[in-house]
Amino acid sequence: MISAIVLAAGEGTRFGDTKQVAELRGKPLAQYAIDAATQAGVDEIIVVLGHDAERVRASLRLGSARWVVNPAFASGMASSLAVGLDHADPSSGAAVVLLADQPGITPQHVRELLDAYAARRSPIVRLAFRSGPGPALVARELWGELRRLEGDVGARALIERRPELVENVDVGGDAPIDVDSPEDLERA
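Residues numbered from 1 in each chain as written. Predicted model: local features only at pLDDT ≥ 70, side-chain atom pairs only at ≥ 80, totals over all residues. Heavy atoms only, no water.

**Considerations on the overall build of the protein chain**
Keep this limit in mind: Strands here are runs of E lasting at least two residues and helices are runs of H or I lasting at least four, both read from the DSSP assignment and numbered beginning at the N terminus. Within these notes, the globule rule equals 2.2 Å times the number of residues to the 0.38 power, and the radius of gyration is based on C-alpha atoms. Under the scheme applied here, a residue whose accessible area is under 20% of the maximum for its type counts as buried, over 50% as exposed, and between as partly exposed, the area being computed with a 1.4 Å probe on protein chains only. Working rule for contacts: check all heavy atoms of both residues, and any pair within 4.5 Å makes them a contact.
Secondary structure summary: the protein chain contains seven helices and nine strands in total. Here the protein chain has a C-alpha radius of gyration of 15 Å; the compact-globule value for 188 residues is 16 Å, and the two agree. Its C-alpha atoms put the protein chain at 40 × 35 × 30 Å along the principal axes. Relative to its full complement of 188 residues, the protein chain shows a buried share of 56%. At a minimum sequence separation of 6, the contacts of the protein chain that also span at least 24 residues come to 67%.

Here it is in structure tokens:
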């Protein structure tokens, strides 16, 4: 079993509003990560909410995804990642970590992570775009390390500390844009 953790709890301070609900091509921004995980065939999806949680939840079509609220969302991304992992199915062997502000991550991208993990069982599998890294899948054996992260950091902090565990999956092209500002949303 493979889980997906969609991190959608942030305050969006640089965006100036709750960016998870900002519309891009008729869908809330956070919906793109949920749809990518669903269409890729991930076994379970946990959407971690925090800031403006009820408004974000109401904007999303969750399907079979479950949502949880991180009451400590203001402490940073690490706490949301820990909450998501804590709510994963006990039989889950790995988790794909997706951000709610990367609408360019596609089901094919997620599928490439799943396929690489299934083929080689590397502890960390990460998409490698020409312009930089993308989302990662982290095996359960490292979830304890992820849970110990603090502040506004995610799986990338673990990857930087443990590069010997990382299998990069080259996908070519530039990394999809992170939507951090209204101008980023327009470019996306």
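**Brief notes about the nonpolar core**
As a rule of thumb, nonpolar side chains are buried together in soluble globular proteins. What counts here: By convention a nonpolar core is built from buried Ala, Val, Leu, Ile, Met, Phe, Trp, Tyr and Cys residues, the set being connected through side-chain atoms within 4.5 Å.
By size, the foremost hydrophobic cluster in this structure holds 36 residues, and its most contacted members are Val-47, Val-96, Leu-98, Val-110, Leu-114 and Leu-137. Elements with a minimum of two residues in this core: strand S1 (2-8), helix H1 (31-40), strand S4 (44-49), helix H2 (53-59), strand S6 (94-99), helix H4 (107-120), strand S7 (124-129) and strand S8 (132-139). Once residues lying within four places of it in the same chain are set aside, the contact partners of Leu-98 are Ile-5, Val-6, Leu-7, Ala-33, Ala-37, Ile-105, Val-110 and Pro-135.

**A look at the environment of Pro-103**
Mapped onto the elements, Pro-103 comes out in the loop between S6 and H4. The class for Pro-103 is buried, based on a relative accessible area of 9%. In the structure, Pro-103 is positioned 57 residues away from Glu-160 in sequence and 24 Å away in space, judged by C-alpha atoms. If sequence neighbours within four positions are ignored, Pro-103 has contacts with Leu-24, Leu-29, Tyr-32, Ile-177, Val-179 and Ala-188.

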